[in-house]
Amino acid sequence: MTSSQQPWWFGGVLYQAYPRSFADSNGDGIGDLAGLRGRLEYLHWLGVDGIWLNPTFPSPNRDWGYDVSDYFDVHHDLGTLEDLDALIAAAGELGIRILLDLVPAHTSDHHEWFVESRSSRESARRPWYIWADEVDEQESVFGGGAWTHDERTSQVYHHLFLPEQPDLNWMLPDVRDAFDEILRFWFDRGVAGLRIDVVHELVKDPPSRPNRPEVHKVLRRWRSLAGSYEPERLLVGETWVMDLDELASFYGRNDELQLAFNFPFMFAGLDATALPDVVERTRAALPGGALPAWALSNHDVVRFPTRICDEDDAKVRSALLALLTLPGTSFLYYGDELGMRQVEISPDRVHDVHGRDGARTPMPWGDVDWPDPWLPLGGKVATVAAQRADPGSVLSFCRDAIALRRGRGDLVSGGYTPLDSPTGVCAWRRGGATGVALNLTDSGATVPLEGEVLLSTRHRNDPSRLEPWEGVVVALT
Ligand code: NOJ
Ligand code: CA
């Protein structure tokens with residue numbers, strides 16, 4: 001394949017925007033689609049290829065959009081279908097694609113399918129969910145049992161997450177057909193792809209055990225549907241598994257997901273041994289031609305500057321440099337580019353049942369403030385406006401790193417070769433002529449690179465000697 005035949009996400013940078021917290025167009029304290037549209041100029045300036053939006057569907061928000069009550073509409077807090085169409089069109093004009101977040105494993109208990117299903121044992125929708133007479137020991141992810149008794153029909157239903165998120169019965173052909181229609185609805189509207197929620201636990205059969213072979217069958221079905229569009233639609237899976245061979249299985253034989261999130265990388269830490277080790281093992285595990293999907297943060301985990309960088313911007317820059325110079329597709333979570341920290345949430349401001357609000361706080365724009373945001377603004381990071389005006393900011397660095405990546409073929413499609421380096425330093429070559437080195441220690445270090453520094457996290461120009469926590473990209477000679 002020549003590079004012109006590569007899909008648009010090949011070597012690309014995608015941006016995860018949490019719509020409720022990204023940008024608010026009408027001052028109600030809740031981010032919305034029109035607000036996001038108003039900030040496309042920023043994302044274009046930053047240089048991203050696509051945006052994944054956390055769930056945009058109508059939802060009672062017991063799990064903040066991951067409890068969908070209608071798969072064919074937009075949550076009224078966020079706007080309308082027309083707003084989504086307008087966003088897709090405006091982003092398209094800037095060459096930015098829009099991905100939605102599909103939540104197929106469960107619905108809201110307010111979804112009409114479940115309302116019907118629970119109404120009687122004879123309901124035509126009864127088999128769409130997982131009903132049983134007896135509970136087993138399985139725990140739900142958010143604590144408590146995975147079965148809830150429903151008085152109306154004296155049976156229990158299964159839910160891997162909240163009782164308000166009943167699990168669909170993916171063994172049923174009707175459920176699979178219903179989702180084909182949902183995928184087509186959004187793909188026909190110009191949605192470029194989907195991030196798919198809890199893909200690894202999609203099919204339950206018997207109820208309390210995930211059924212991997214059936215998951216792969218569903219993924220092959222979706223992939224062929226995605227492939228029937230021009231350009232091919234992208235399926236990115238939330239594949240929360242820590243075993244890399246298992247992760248690799250979700251790519252199938254290049255006939256399942258095109259990208260599967262790499263959680264072992266997210267949790268490797270900023271460590272000169274663990275980080276390249278995960279990269280190497282990922283490369284060994286993935287089938288030929290499969291692209292890794294790298295991310296350091298998302299809406300479910302503590303933001304990476306707090307979790308692995310001690311809120312030290314020197315470390316944040318190096319982590320971003322690693323993220324943006326590895327082979328594959330890299331994902332930024334909104335605010336990563338600012339070095340945004342996890343925000344402390346006082347008990348009276350808690351919204352999420354699982355303690356994740358601190359990673360979902362409003363984007364600090366700095367030009368127009370959030371009057372009364374749904375979650376508190378954190379004060380620990382400089383705003384977008386301030387960082388945009390400062391060439392030495394984390395934001396300016398991140399933008400420079402993305403621009404370098406876009407403009408340098410080695411960083412988009414070049415191979416990856418680890419380079420021997422002293423303890424605490426990791427280094428790799430991309431393609432024939434681009435070197436990357438990160439000094440992940442508190443002391444200066446010698447690195448095995450010679451050439452011209454193209455980018456340094458500390459704005460220095462010595463490819464062979466790095467300051468503490470400095471990272472460089474070098475045009476090798
Ligand atoms: C994974 C999502 O990322 C998370 O936010 C959600 O709570 C669960 N799936 C349940 O849908
Ligand atoms: Ca709003």
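Keep in mind the model is a prediction, meaning the values are calculated, not measured.

Conventions used here
Residues numbered from 1 in each chain as written. Chains lettered and ligands numbered in written order. Predicted model: local features only at pLDDT ≥ 70, side-chain atom pairs only at ≥ 80, totals over all residues. Heavy atoms only, no water. Helix = DSSP H or I, 4+ residues; strand = E, 2+ residues; numbered from the N terminus. Buried < 20%, exposed > 50% of the residue type's maximum accessible area, 1.4 Å probe, protein only. Contact = heavy atoms within 4.5 Å. Areas by Shrake-Rupley, 256 points an atom, 1.4 Å probe, with all protein chains shown as cover. Lys, Arg positive; Asp, Glu negative; His and termini not counted. Charge placed at Lys NZ, Arg CZ, Asp CG, Glu CD. Expected span 1.5 Å × (residues − 1). Salt bridge = Lys/Arg side-chain N within 4 Å of Asp/Glu carboxyl O. Donors = N, O, S within 2.8 Å, 3.2 Å for Na, K, Ca; no water. Near = heavy atom within 4 Å. Polar contact = N/O pair within 3.5 Å; in protein donor to acceptor, adjacent residues only side chain to side chain. Nonpolar A, V, L, I, M, F, W, Y, C, P; charged D, E, K, R; others polar. Phe/Tyr/Trp six-rings, centres within 6.5 Å; stacked < 30°, edge-to-face > 60°. Lys NZ or Arg CZ within 6 Å of the ring centre and 35° of its normal.

**Q** Break down the overall build of the protein for me, citing the residues and quoting the values.
**A** Helices and strands together make up the secondary structure of the protein, namely 15 helices and 18 strands. Its C-alpha atoms give the protein principal-axis dimensions of about 75 × 50 × 40 Å. Counting across all 477 residues of the protein, residues that qualify as buried make up 60%. Long-range contacts, defined as pairs at least 24 residues apart, comprise 64% of the intrachain contacts of the protein with a sequence gap of at least 6. Approximately 17,700 Å² of the protein is accessible, and the part contributed by carbon and sulfur atoms is 47%. Looking at charge distribution, the protein has the averaged site of its 44 positive side-chain charges lying 4 Å from that of its 72 negative ones.

**Q** Please set out helix α7 (residues 212-227) residue by residue, giving values where relevant.
**A** Owing to its 3.6 residues per turn, the α-helix aligns residues three or four sequence positions apart on the same side. The terminal C-alpha atoms of α7, which comprises 16 residues, lie 22 Å apart, in line with the 22 Å expected from a rise of 1.5 Å per residue. Among the residues of α7, Glu-214, Val-215, His-216, Val-218, Leu-219, Trp-222, Arg-223, Leu-225 and Ala-226 are the ones counted as buried. Close packing links the buried residues of α7 with β3 (97-102), α6 (173-188), β7 (193-196), β8 (234-237) and α8 (244-249).

**Q** Kindly report on the pattern of salt bridges, identifying the contributing residues and their values.
**A** If charged atoms from side chains of opposite charge come close, those side chains can pair. Following the criterion strictly, the structure yields 34 salt bridges and no others. A salt bridge links Glu-214 to Arg-176; the nearest nitrogen and oxygen atoms lie 2.8 Å apart. Highlighted residues: Glu-214 in helix α7 and Arg-176 in helix α6, separated in sequence by 38 residues. Classification of Glu-214 by relative accessible area gives buried; the value is 15%. The exposure class of Arg-176 is buried, given its relative accessible area of 9%. Sharing partners across several salt bridges, the network here consists of Asp-63, Asp-300, Asp-352, Arg-356 and Arg-360.

**Q** Describe the coordination of the calcium ion (ligand 2), listing the residues and the values that go with them.
**A** Within the protein, the atoms that donate to the calcium ion (ligand 2) are Asp-24 (OD), Asn-26 (OD1), Asp-28 (OD), Ile-30 (O) and Asp-32 (OD), at distances of 2.2 to 2.4 Å. Along the chain, the residues that donate to the calcium ion (ligand 2) are spaced as D-x1-N-x1-D-x1-I-x1-D. On the basis of relative accessible area, Asp-28 is assigned to the partly exposed category, the value being 37%. Accessibility expressed as a relative area gives 5% for Asp-32, which makes it buried.

**Q** Go over the site of ligand 1, please, and point to the residues and values.
**A** The immediate surroundings of ligand 1 are formed by 14 residues, with Asp-63, His-106, Asp-197, His-299 and Asp-300 found nearest. Taking Arg-195, its side chain carries an N or O atom lying 3.1 Å from an oxygen atom of ligand 1. Between an oxygen atom of ligand 1 and a side-chain N or O atom of Asp-300, the distance comes to 2.5 Å. Burial of ligand 1 by the protein chains amounts to 97% of its free accessible area of 290 Å². Counted by class, the shell around ligand 1 contains four nonpolar, three polar and seven charged residues.

**Q** Mind laying out the packing of aromatic side chains, listing which residues take part and the relevant values?
**A** Under the defined criterion, the tally for this structure stands at 33 aromatic pairs. Between the aromatic rings of Phe-187 and Tyr-229, the centroid separation amounts to 5.3 Å while the plane-to-plane angle is 70 degrees, which identifies the pairing as edge-to-face. Of this pair, Phe-187 sits in helix α6 while Tyr-229 is found in the loop between α7 and β8, placing the two residues 42 residues apart along the sequence. The burial state of Phe-187 is the same as that of Tyr-229; both residues are buried. Here the aromatic cluster, defined as three or more aromatic residues joined through ring pairs, consists of Phe-57, Tyr-71, Phe-72, Trp-113, Trp-128, Trp-170, Phe-179, Phe-185, Trp-186 and Trp-222. The lysine or arginine in question, Arg-39, covers the ring of Trp-365, its NZ or CZ lying 3.9 Å from the ring centre. For the cation-ring pair, Arg-303 lies above Tyr-334, with the distance from its terminal atom to the ring centre recorded as 4.7 Å.

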